[in-house]
Amino acid sequence: MANTNPNMPKKAPWWNPAKYFAVRKNIPIEQRSYTKIYGILAILLFSFTVWAVLDEVMTRRPWKDIQADFKEFKSTRLNLEIKKEKAKIDPTVRKELKKRLSDLEKQMQSESYKKTLDDIDDLEKKLYVAKRDYTFTKSTDDETYSILDKKKTEHADTTSTGHELRKLDAEMAQEKAIVDNLLHQDTVLKSRILPIQKAYKEAQRVNDSVYANVIALQRKLEAVDKMPIAVKQTMLVNYEKTNFNNLKMRIDRCETCHLSYADPLFKNDTLVSTDKGEIKAWLKANKYNDEEHYTIKKLGANKDTTVAVVSALFRLHPNVDLFIKGHKIGEPPGAGVLGCTSCHGGQGPSIVSSEFAHGFQEHWAEPLLTGHYVEASCQNCHSGKMDFEGAKWITMGKKLFTDFGCYGCHSMPGYEDVPGQAPSLVSVTKKVTPEWIYQWIKNPRGWGKTSRMPNFMLSDDEAKAVTAFIVDQSKNSGYTALAHYGGGGDAARGKETFFDAGCVACHAIDDYKGDPNVRVKEGNLFGSNLNKEGSKVTKEWLFDWLKNPKNYLKHSRMPSLRLTDEEAADLTAYIMGHTGVNDDAKSSLTGDITDTKLIKQGESLVRSYGCFGCHEINGMEKEAKVSVALNTFGKKTPGELFFGNVDGKTLEGFRDHFKKIGLPLGEIEESAIHENEDWYTWTVGKMRNSRIYATERIPQKMPNFQMSDQETFALTVFLRSQTGAFVPAGYGDPAKEPVQQALDRGRMFVHWNNCVGCHKIESAGGYVAKYINEKFAGNENLAYFAPPFLGPEGDRVQEQWLHQFLSGPFKIRPLVKLRMPTYGFSDAEIGTATNYFLGMHRRPFVMTSYDYPVNQTLASNGKLLFDKLKCLSCHTMGGAGANPAKSPDLENTKKRLRPEWITQWLAHPDAMMPGTPMTGFWWSSGHLAPADPEILGGDPMMQIKAVAEYVHSIGKDVIPSPTPYAIINGSDKYILPNGDYEAALARAEMPNASMLLPKPAPLKKQSELLTTKKSKGISMR
Amino acid sequence: MKTLSIFGIIFLCFLTSACGKKQQEEEAVYSSSYKVIPVKDGATIRGKVKTDPSGNFLSVIETQKDQDVCGKSHPNPGKPNSDGALPNCIVGIEHITEGKDFAKHEYALDQRGCDFQPHVQIARIGSPIVVSNSDKALHNYHITRNGETLINEAQPEGAPAREVELKQKGLHVVTCDVHPWMRGYIWMADHPYYTLTDASGAFALSDVPPGKYKLTLWRDSWSAEEVKNAKGVIDSYKWGKDIVKEQEITVEAGKDVVVDFTLP
């Protein structure tokens, strides 16, 4: 009925849903058809299902293709290696082996050999049947025998059974003969083929051992073929915290794509060359054929250097031993096992795309740390280190943070007890003039290119006020010179002394320039640059300062070099000869600076800028830090940083600039709030110009450090590390352990006092060697002239000796001209140094006796060897021996070196002190060998022990007494103003602890010789 | 037309990639930067090294101990002949990337009569050097390079010969700490274009491929000085600095080049 409407089309147009439903509305419900709707929905559902499956299996699993590519590439590389290994085998050997095998194979293929095999086969079938028959007959025979036996005992009739048994016996004998005959035939036949088989087996064995490497590689190749395409992951148990503070597991799946990270097969990862042909040949030789294997970059000012960098998917991680094995990466779950994201950041579990996996996602808090920023992660666990091996930028950044005195204004964990970086100002007017102070404050880098004092950008009036205040606060200083300059001195001699006494290790002057681009307090940038010193200080002050630094500054880091009056006068003449002016002096100090109002203004400026953060200032000893803490600065988001009026273009400029100089800033996700506003650009901007984000309403106080690009970059790496990251138990340096604390304090100590200026200690240091090597160039053995490597010090010397030496050092190595200075360390400081050296070898600070009764037999054999090996060609003993002496006096050995060390040292000197001039008398091509075939039966270990025993027996029983801090007016017991020196002397003269100890028994077993002996001891405190 | 050309390009790509693959598989193993090639049209660089014979040269180096083994003195190996010709100088080409193959040679260093024999030698990097002690005395071979100790091992009398491997290029000085007058030199080379001047001070480098090169001359401690102690007895020797001279030369195919050096 309803269908009667004539206007209604017969069919609703299904391709136009609006019309379709409009028309459909008029159709009575009972007559409406749902076929098409269901049909369309079914098609949609089906296609979505197909799409979902495809997306899941193909699109969202890019790693499958990567793994397939990797498998292919690895096979290519293995084939290349196999080829190389094969090429290493001598062709004649290869030929001979091949011939031998093929000859034998030929024999084994021959008709006669095959026929013999067939014959044996037939024979063995026959033998089987014969043996079976024989066994059956024997069983029946046994059965019959037992029946017969039974019948006999039962007294029954045995005739038929007996007959049967005899018959069976005869049958058995017959069958046995057949078996024996067949066996004999078998032996004969086998004897024809067995030697061939044996020879073939042997030839194969020889072949396998010659081709062992090739076979191993072929096995790897098979393993690659069999490697399933699957997700690979590392589980880090109890590694991170949930928002509810519960520990949870972290899963890293990075190795699903980065399969090559620990595979030594992929070690050739970069090639730098100016020769394009070389790059091409290298790529070809290593089978980097596809463009996805590598990228080519151009470097250098003229872009003439080409670098081929292999993709991170086909390359070995740099320094595998340290970074991968050293951090237990890829090991089964357990304490201390790290994953990739522990250092690199990124979203570990994600494998759906490169962006997701690397954490370049708006809501992922720890995106991948790209480029050198990965070094920031070292600081999470190793917060006590100063030198990070293999991580140059975090090392430089951390040292700069310390040396620029950043912690003076910004609080930072680990720096709570570190004193201010800059010199005290309480007596400053005794040293410099108000005019100099004014110029210095106005423009520190105008005075010296390597000055670390920042520029506060003060106006002339402000600078005058600050000068007035500083002059005023020092007027009550109690400083008077103790050593008086009597004039004279030879500047040319002074120049020699400057080098020989060791001033050169800390101060830059003349030829010993420092690098103004990296102002780390290290090497000759440690102390101030002396190129204009003559225009800065007075002669009288300088002389007293050289003789006796602690008189002017109680806590100065400048040590006494025990200069004689003549040497100090020479140095004064030399240094005062270096004069100059502030290069950027635009105004000078005029007018009265004693006005109280001016002084008050200066005081309020000093308070506001926080000068006391770095300098000691009279009356400002207890001020708080003036700026914000930086301990979580590294995880600030752009929204938390104030960009002022700086536009995106300027920020982009920073990014471009650093990219151009080869130190690209970290990568970020693309959707930052405003263009180019991110953590990296903000921090770089701030480092380059500390007040760049100031606006009219929001002034900024931070002074400008005028940092170079390198300094800026290094500091951003360090600041990036300040994330306050949670370090779970069992990971990182166990900070609470006393040894670790001792190491952390010691590392700061040796940096703070520039011990590393002269000595290499852990992985770095010994910067003065550069100058010494120049001076003594051409000498075949430069190791004689440089201060020693102190890595083994805690293992090498006796505790008491080290303690006394640090109280007042004396000469040990005759050819080292540089003097070990007298620092006048306090008791606590000596403790820090001693604990540090001992801590490196996990030894506690315990006063230990190393006295033991001399074994006369050993010592007399030792003397024979001592003479025979001509030890006195280099060493001296008392007055006797080498002239000029090259090596330490052996008389002091008894109280200086640990017996355990001496035996290890004699056995293999180069392993203990790489590059030492000491000869390895018992070391020959990687193992111990006798130095004499007869003495002590030619046993090298006993010979070593004998020499050690002899050296011990001839030693003096006293440690040389500490040298005085300084010789003033002929008094050789100069007392330090704070009395520390007397205390040090008292400590050094402590009664010999050995009297309190049971004497250890002399060594008996040879095996004990080269193992560390445990000494009993008493605690010093 | 367009489709045709695309097909053509694809076809070409196939061809080139196939060829490329074949070439790679045939390629030899790549190890050192120096490549041995057959040298056609090679030239010889020859010349003489001279100095002023009237200079202040010690004629002998006196020994100070173990004279029963070492003898009283040794001739100074650094002293020029009467006509000024200098034997034992090293002449070589720096940075040559391809050329002739090394001649097969076994390298040895003997401690004989308290002297290193030979006094100067050129050895190939990676080849072992057999060190032996023929003396009835203890010696140690203390090998340094640029002032840095590389190997320092003692070899008592009668000890078996040992093999030493040096892996860096350039000059290595061998000394004995027991007998301070003993000095030997080993020049480690990564290519065969190094030679020693003979007894008449002459040298020749054969089969040099045409090209521009820098010729280097090295001459050892030519001005040894005696160091006397308070009693006026010789205590030790102070060795002068090594002399290194460089000269740019151009080698044309088949044309021999004559380069003479005169040292101050």
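Residues numbered from 1 in each chain as written. Chains lettered and ligands numbered in written order. Predicted model: local features only at pLDDT ≥ 70, side-chain atom pairs only at ≥ 80, totals over all residues. Heavy atoms only, no water.

So, on to the overall build of chain B. Scanning chain B for helices and strands turns up two helices and 23 strands. Every one of the 264 residues in chain B was classed for burial, and the buried ones make up 45%. Residue pairs in contact within chain B that sit at least 24 positions apart in sequence constitute 66% of those at least 6 positions apart. Total accessible area on chain B is roughly 14000 Å²; 53% of this is exposed by carbon and sulfur atoms. (Helix = DSSP H or I, 4+ residues; strand = E, 2+ residues; numbered from the N terminus. Buried < 20%, exposed > 50% of the residue type's maximum accessible area, 1.4 Å probe, protein only. Contact = heavy atoms within 4.5 Å. Areas by Shrake-Rupley, 256 points an atom, 1.4 Å probe, with all protein chains shown as cover.)

Glancing now at the interface of chain B and chain A. Taken together, the contact between chain B and chain A spans 30 residues of the former and 36 residues of the latter. Taking both sides of the interface into account, the surface hidden between chain B and chain A amounts to around 2700 Å²; carbon and sulfur atoms contribute 47%. Our count for the contact surface shared by chain B and chain A stands at two salt bridges. One salt bridge connects D66 of chain B with K870 of chain A, and the closest N-O pair in it is separated by 3.2 Å. Of all the secondary-structure elements, those providing two or more residues to the side of chain B that touches chain A are helix 1 (2-26), strand 11 (139-145), strand 12 (148-155), strand 13 (162-164) and strand 14 (170-175) of chain B. (Buried area = accessible area lost by both parts, 1.4 Å probe. Salt bridge = Lys/Arg side-chain N within 4 Å of Asp/Glu carboxyl O.)

Let us now look at the side chain of T197 of chain B. Residue and element names in this part refer to chain B. Structurally, the position occupied by T197 is in the loop between strand 16 (194-196) and strand 17 (202-208). Here L86 takes part through its backbone oxygen, which lies 2.9 Å from a polar atom of the side chain of T197. Within the structure, T197 has its side chain in polar contact with the backbone nitrogen of N88 (distance 3.0 Å). Not counting chain neighbours up to four residues away, the residues in contact with T197 comprise V49, L86, P87, N88, C89, V91, A202 and F203. (Polar contact = N/O pair within 3.5 Å; in protein donor to acceptor, adjacent residues only side chain to side chain.)

This part is about a negative patch on the surface. Together, D65, D69, E72, D290, E291 and E292 of chain A make up a negatively charged patch on the protein surface. With respect to the helices and strands, D65 of chain A occurs in helix 3 (residues 62-88). (Patch = residues over 30% accessible without salt bridge, like charges linked within 9 Å, V, L, I, M, F, W, Y side chains within 5 Å. Lys, Arg positive; Asp, Glu negative; His and termini not counted. Charge placed at Lys NZ, Arg CZ, Asp CG, Glu CD.)

The next thing to look at is the sheet that holds strand 21 (residues 243-251) of chain B. All names here are of chain B. An order of 16-5-18-21 is seen for the four strands of this open sheet, with the pairing classed as antiparallel. Whereas interior strands pair on both sides, the edge strands pair on one side only; in this sheet they are strand 16 and strand 21. Each adjacent strand pair in this sheet contributes to an overall mean axis angle of 20°, direction not counted. (Pairing = 2+ DSSP bridges. Axes fitted to C-alpha atoms, helices over the stretch in contact; angles between N-to-C directions.)

Under the criterion given, the structure shown has 57 salt bridges over all chains. Between K868 of chain A and D932 of chain A there is a salt bridge; the shortest N-O distance is 2.7 Å. Of this pair, K868 of chain A sits in helix 31 (residues 856-868) while D932 of chain A sits in the loop between strand 10 (927-928) and helix 35 (940-954), placing them 64 residues apart in sequence. Overall, the relative accessible area of 39% leaves K868 of chain A in the partly exposed class. Given the relative accessible area of 4%, D932 of chain A is considered buried. Across the salt bridge formed by D177 of chain B and K886 of chain A, the nearest N and O atoms sit 3.8 Å from each other. One end of the pair, D177 of chain B, is in the loop between strand 14 and strand 15 (183-189); the other, K886 of chain A, is in the loop between strand 8 (880-881) and helix 32 (893-896), on a second chain. With relative accessibility at 24%, the residue K886 of chain A sits in the partly exposed group. Bridged by salt links that share partners, the residues E240, K248, R250 and E366 of chain A form one connected network.

Here we come to the nonpolar core. Soluble globular proteins: nonpolar side chains tend toward being buried together. All names here are of chain A. Counting 71 residues, the largest nonpolar core has I437, I470, F498 and L542 as the members making the most contacts within it. Elements with a minimum of two residues in this core: helix 14 (434-442), helix 16 (460-473), helix 17 (491-502), helix 18 (539-547), helix 20 (565-576), helix 21 (596-609) and helix 27 (769-775). Element by element, the count of residues in this core is highest for helix 16, at seven residues. Looking at which domains feed residues into this core, each of domain 3 (428-613) and domain 4 (738-846) gives three or more. Not counting the four nearest positions on each side in its chain, L542 is found in contact with V537, T572, I575 and M576. (Core = buried A, V, L, I, M, F, W, Y, C linked by side-chain atoms within 4.5 Å. Domains from an automatic or database assignment.)

Let us look at helix 23 (residues 679-688) of chain A. Residue and element names in this part refer to chain A. Within helix 23, nine of the 10 residues are buried, which leaves the element mostly enclosed by the surrounding structure. Every buried residue of helix 23 is listed here: W679, Y680, T681, W682, T683, V684, G685, K686 and M687. Next to the buried residues of helix 23 lie helix 22 (648-660) and helix 24 (709-720). Capping of helix 23 at its N-terminal end is provided by D678; its side-chain oxygen lies 2.8 Å from the backbone amide nitrogen of Y680.

Right, let's talk about a nonpolar patch on the surface for a bit. A cluster of nonpolar residues, W14, W15, Y34, Y38, I40, L41, L44, F48 and W51 of chain A, forms a patch on the protein surface that exposes about 1100 Å² of accessible area. You can call L41 of chain A partly exposed: its relative accessible area is 48%.

Take the domain arrangement of chain A next. Buried accessible area, meaning the area lost when the parts come together, often serves as the stated size of an interface. Annotation of chain A at the domain level lists domain 1 (2-57), domain 2 (90-210), domain 3 (428-613), domain 4 (738-846) and domain 5 (856-959 + 991-1019). Relative placement of domain 2 of chain A and domain 4 of chain A: their C-alpha centres are 81 Å apart.

Before going further, it helps to spend a moment on the packing of helix 16 of chain A against helix 21 of chain A. Residues and elements named next belong to chain A. Two elements in contact, helix 16 and helix 21, have axes separated by 7 Å at closest approach and are oriented at 95°. Taken as axis vectors, helix 16 and helix 21 run roughly perpendicular relative to one another. Only L598, I599, Q601, G602, E603, L605 and V606 of helix 21 make contact with helix 16, whose side of the interface consists of E462, K464, A465, V466, A468, F469 and D472. Of the residues contributing to the contact of helix 16 with helix 21, the split by class is eight nonpolar, two polar and four charged. (Parallel < 35°, antiparallel > 145°, perpendicular 65-115°, else oblique. Nonpolar A, V, L, I, M, F, W, Y, C, P; charged D, E, K, R; others polar.)

All names here are of chain A. Their axes nearest at 9 Å, the elements helix 23 and helix 24 cross at an angle of 130°. Relative to helix 24, the element helix 23 lies oblique. Of the two possible hands of crossing, helix 23 and helix 24 adopt the one that is right-handed. Contacts from W679, Y680, T683, V684, M687 and R688 of helix 23 reach helix 24 at D709, T712, L715, T716, L719 and R720. Grouping the constituent residues of the contact of helix 23 with helix 24 by class yields six nonpolar, three polar and three charged. (Left-handed = near helix turned anticlockwise from the far one by under 90°.)

The next subject is the state of the cysteines. All names here are of chain B. A full pass over the atoms with the stated rule returns one disulfide over all chains. Note that C70 is cross-linked by a disulfide to C114, the S-S spacing being 1.9 Å. Its S-S torsion of about -50° marks the bond between C70 and C114 as left-handed, since a negative value means left-handed. Taken together, the residues C70 in helix 2 (residues 67-70) and C114 in the loop between strand 7 (107-111) and strand 8 (116-117) connect sequence positions 44 residues apart. (Disulfide = S-S within 2.5 Å.)

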